[in-house]
Amino acid sequence: MTEQGKTEKKQRIRILVYILLLVFFALAFLSFSSGDAGRERATLEKAIREEITAYYAREGTYPSSLSVLKKQYGLTYDQDRFQVNYVLRGSNIRPYVTIVDRGR
């Protein structure tokens, strides 16, 4: 093999290594991003659950709506990202809460 052929082969290998590294970092970034979304949802779910429990402990009834928790207890979340459904089944029965990640 000539000197020029060896140089071209080294350049091709170097380019291939750079491409593989870029693909690896892109996949790692996507993996971490999807994990963050799951953690955000879990954190929101925990916060709502704790606020409902705290409200019940203070008031003796469950909040009539999610807006009560927002106004009186300062519950905040990204409403463009998450849809929270709050269904009150009775003043002394824990409400049914579902959280939908809209993925925006």
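Preceding this section is the structure that the text describes.
So, how was this worked out
- Residues numbered from 1 in each chain as written.
- Predicted model: local features only at pLDDT ≥ 70, side-chain atom pairs only at ≥ 80, totals over all residues.
- Heavy atoms only, no water.
- Core = buried A, V, L, I, M, F, W, Y, C linked by side-chain atoms within 4.5 Å.
- Buried < 20%, exposed > 50% of the residue type's maximum accessible area, 1.4 Å probe, protein only.
- Helix = DSSP H or I, 4+ residues; strand = E, 2+ residues; numbered from the N terminus.
- Contact = heavy atoms within 4.5 Å.
- Phe/Tyr/Trp six-rings, centres within 6.5 Å; stacked < 30°, edge-to-face > 60°.
- Salt bridge = Lys/Arg side-chain N within 4 Å of Asp/Glu carboxyl O.
- Pairing = 2+ DSSP bridges.

## Quick word on the nonpolar core
For step 1, the next point in the chain: In this structure, L44, I48, L66 and V84 are the most contacted members of the largest nonpolar core, which totals 14 residues.
For step 2, the next point in the chain: Only α1 (3-59), α2 (66-73) and β1 (82-87) provide two or more residues apiece to this core.
For step 3, the next point in the chain: Broken down by element, the residue count for this core peaks at four residues, all from α1.
For step 4, the next point in the chain: Contacts of L66, omitting those with residues within four sequence positions, involve L75, Y77, V84 and Y86.

## A few points about the packing of aromatic side chains
For step 1, the next point in the chain: Counted under the stated rule, the structure contains two aromatic pairs.
For step 2, the next point in the chain: When the centroid spacing of 5.5 Å and the interplanar angle of 70° are considered together, the rings of Y55 and Y73 count as edge-to-face. Highlighted residues: Y55 in helix α1 and Y73 in helix α2, separated in sequence by 18 residues.
For step 3, the next point in the chain: A residue is classified by how much of its surface remains accessible, and Y73, at 22% relative accessible area, is partly exposed.
For step 4, the next point in the chain: Ring geometry for Y56 against Y62: centres 4.2 Å apart, planes inclined by 20°, an arrangement best described as stacked.
For step 5, the next point in the chain: Among the residues examined, Y62 registers a relative accessible area of 12% and is labelled buried.

## Brief notes about the pattern of salt bridges
For step 1, the next point in the chain: A full pass over the atoms with the stated rule returns four salt bridges.
For step 2, the next point in the chain: R81 is the salt-bridge partner of E40, the closest N and O atoms lying 3.1 Å from each other. Linking E40 in helix α1 with R81 in the loop between α2 and β1, this pair joins segments that are 41 residues apart in sequence.
For step 3, the next point in the chain: For K46, the salt bridge identified is with E50, shortest N-O distance 3.9 Å. Of this pair, K46 and E50 both sit in helix α1, four residues apart, roughly one helical turn.

## Brief notes about the pairing of β1
For step 1, the next point in the chain: Residue alternation in β1 divides its side chains into a buried set, F82, V84 and Y86, and an unburied set, Q83, N85 and V87.
For step 2, the next point in the chain: Direction of pairing for β1 relative to strand β2 (residues 96-101): antiparallel, over a ladder of six bridges. The residue bridging V87 from the neighbouring strand is Y96, located in β2.

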